[in-house]
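Read off the chains here:
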Amino acid sequence: MYTQALDLPEPVSAPANGIAGNNVSASGAQGAAVHPLQAPSAAHAAQHAAQSARFEATLDADGKIEPRDFMPDAYRKTLLRQMSQHAHSEIVGMQPEGNWISRAPSLKRKAILLAKVQDEGGHGLYLYSAAETLGTSRDQMLDALHSGKAKYSSIFNYPTLTWADVGVIGWLVDGAAIMNQVPICRCSYGPYARAMIRICKEESFHQRQGFESLMVQMQGTAAQRAMVQDAVNRWWWPVLAMFGPPDADSPNSAQGKRFGIKRISNDDLRQKFVDATVPQTKVLGVSLPDPALQWNAARQCHDYGAIDWSDFWNVVNGNGPCNHERLATRRKAHADGQWVRDAALAYAAKQEQRSMKEAA
Ligand code: BYC
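Below you will find a few notes about this structure. (Residues numbered from 1 in each chain as written. Predicted model: local features only at pLDDT ≥ 70, side-chain atom pairs only at ≥ 80, totals over all residues. Heavy atoms only, no water.)

Section: the site of the ligand
- The immediate surroundings of the ligand are formed by 36 residues, with Q85, K151, S154, S250 and K262 found nearest.
- Taking Q85, its side chain carries an N or O atom lying 2.7 Å from an oxygen atom of the ligand.
- Coverage of the ligand by the protein amounts to 91% of the 1000 Å² it exposes when considered alone.
- Taken together, the elements giving at least two residues each to the shell around the ligand come down to α2 (73-92), α4 (107-132), α6 (163-181), α7 (190-218) and α11 (309-319).
- Sorting elements by how many residues they give to the shell around the ligand places α2 first, with six residues.
- For the shell around the ligand, a count of residues per class yields 13 nonpolar, 14 polar and nine charged. (Near = heavy atom within 4 Å. Polar contact = N/O pair within 3.5 Å; in protein donor to acceptor, adjacent residues only side chain to side chain. Areas by Shrake-Rupley, 256 points an atom, 1.4 Å probe, with all protein chains shown as cover. Helix = DSSP H or I, 4+ residues; strand = E, 2+ residues; numbered from the N terminus. Nonpolar A, V, L, I, M, F, W, Y, C, P; charged D, E, K, R; others polar.)

Brief notes about helix α5 (residues 138-146)
- Within α5, the full set of buried residues consists of M141, L142, A144, L145 and H146.
- Packed against the buried residues of α5 are α2, α4 and α12 (323-336). (Buried < 20%, exposed > 50% of the residue type's maximum accessible area, 1.4 Å probe, protein only. Contact = heavy atoms within 4.5 Å.)

With respect to the pattern of salt bridges
- If you walk through the whole model with that rule in mind, you get 14 salt bridges.
- Residues D174 and K116 are paired through a salt bridge, measuring 3.0 Å at the closest nitrogen-oxygen approach. Residue D174 is found in helix α6, and its partner K116 is found in helix α4; the two are separated by 58 residues along the sequence.
- Accessibility expressed as a relative area gives 4% for D174, which makes it buried.
- For the salt bridge of R198 with E202, the shortest nitrogen-to-oxygen distance reads 3.5 Å. Residue R198 and its partner E202 are both found in helix α7; the two are separated by four residues, about one turn of the helix.
- R198 sits in the partly exposed class, given a relative accessible area of 35%.
- Bridged by salt links that share partners, the residues E97, K116, E120 and D174 form one connected network. (Salt bridge = Lys/Arg side-chain N within 4 Å of Asp/Glu carboxyl O.)

A look at the nonpolar core
- Among the nonpolar cores identified, the biggest contains 68 residues, and Y75, Y189, Y192 and W235 are the most heavily contacted of them.
- In terms of residues, this core owes the most to one element, α7, which gives nine residues.
- Here Y75 is in contact with F55, I65, S188, Y189, F259 and I261, once residues within four sequence places are set aside.
- In terms of nonpolar packing, the next biggest core, distinct from the first, is built from seven residues, W100, I101, V117 and W163 among them. (Core = buried A, V, L, I, M, F, W, Y, C linked by side-chain atoms within 4.5 Å.)

Quick notes on the packing of α6 against helix α10 (residues 266-284)
- Where α6 meets α10, the axes come as close as 10 Å, and the angle between the chain directions of the two elements is 145°. Seen from above, α6 lies across α10 with right-handed handedness. Contact residues: W171, L172, G175, A176, M179 and N180 in α6; L269, K272, F273, A276, T277, Q280, T281 and L284 in α10.
- Here the residues of the contact of α6 with α10 are counted per class, giving eight nonpolar, five polar and one charged. (Axes fitted to C-alpha atoms, helices over the stretch in contact; angles between N-to-C directions. Left-handed = near helix turned anticlockwise from the far one by under 90°.)

Remember that the coordinates give geometry; whether it matters functionally is a separate question.
Below, the structure is given as structure tokens:
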């Protein structure tokens, strides 16, 4: 779907202004390499200034930065942080719904759920591949996840207590994910933007299947309707928090916007999500657990109640209801898959030996 060169250029030493970069221009042309121990020369400083100017001009023109282009360290770091967190969220996000594959109420629902959970795994793989183009290996990213250093979305640390939770995750969690991720299709980093196009198409199917599953349950018995309402009540506030802290408390937003990675702010996305969801609740016949929720004619959008940010930070800091379980399951899955990685490496080594023998 998207290709990206992994043969990243050698980094050059940090110039006098302390911003290290690689020696490839925004147009992909190779610049003059500078030895790491050599003092930054005037020529090097000029080269760096030209590269930075081309980088800024690409951003101003809404162009794409590609893996072999020059990029400032701060850009690389910001992207790696967000893309790796995003990839981790996708693979940890397989767990809450994965728990229901063996308990799906019909063969049809089981097949849909299997496909959805597999899709999430696939999204993680696209995103790890895209993030690797920034020069950090998948192993390094996974180590950061497994050691508890890396973040993943808060939303996956809540339990899935009933079958209705699976529908609500599709409807609300994937719905929120689409709201957040469609603007990322236009982000300035080529591999991330291209990966997001396919991911968003799949998320759209995920959201629809969740809504359809809930529609069927809402046409069932009173107990089924109560189960759906209970799931909506439990997921609504964590889903709103999923968009991230309020803009005023979002330390990464300014830089994300300047770099063309973040196109719409946390609060604006949250507002768009509330406004899109309220009419859907009417079709479904559920209510949202927020007495303050009401249409504001002056603002032409909904007012909603205060989010409990202490709960959000508690979860982000590792103390949510399922953080320990999610991480333990992830570590075990990784350890259980060691034999697959070993087998793949052994096979690749054998193939290489064979082709070398043939070439000799
Ligand atoms: N959970 O300055 P801010 C899916 C952190 S999975 C945890 O606003 P930023 C799916 C944030 O990282 C899709 N942490 O940050 C899968 C930062 O900490 P650091 C998940 C959060 O980056 C399976 C700090 O709070 N989506 O769709 O400007 C089944 C301050 O925040 C969260 C993505 O990953 C959170 N919710 O904005 C179903 C989308 N929110 O890094 C569905 C890509 C904030 O400074 N990511 N933090 O230590 C983004 O768009 C942005 O990174 C965020 C945060 C909007 C999440």
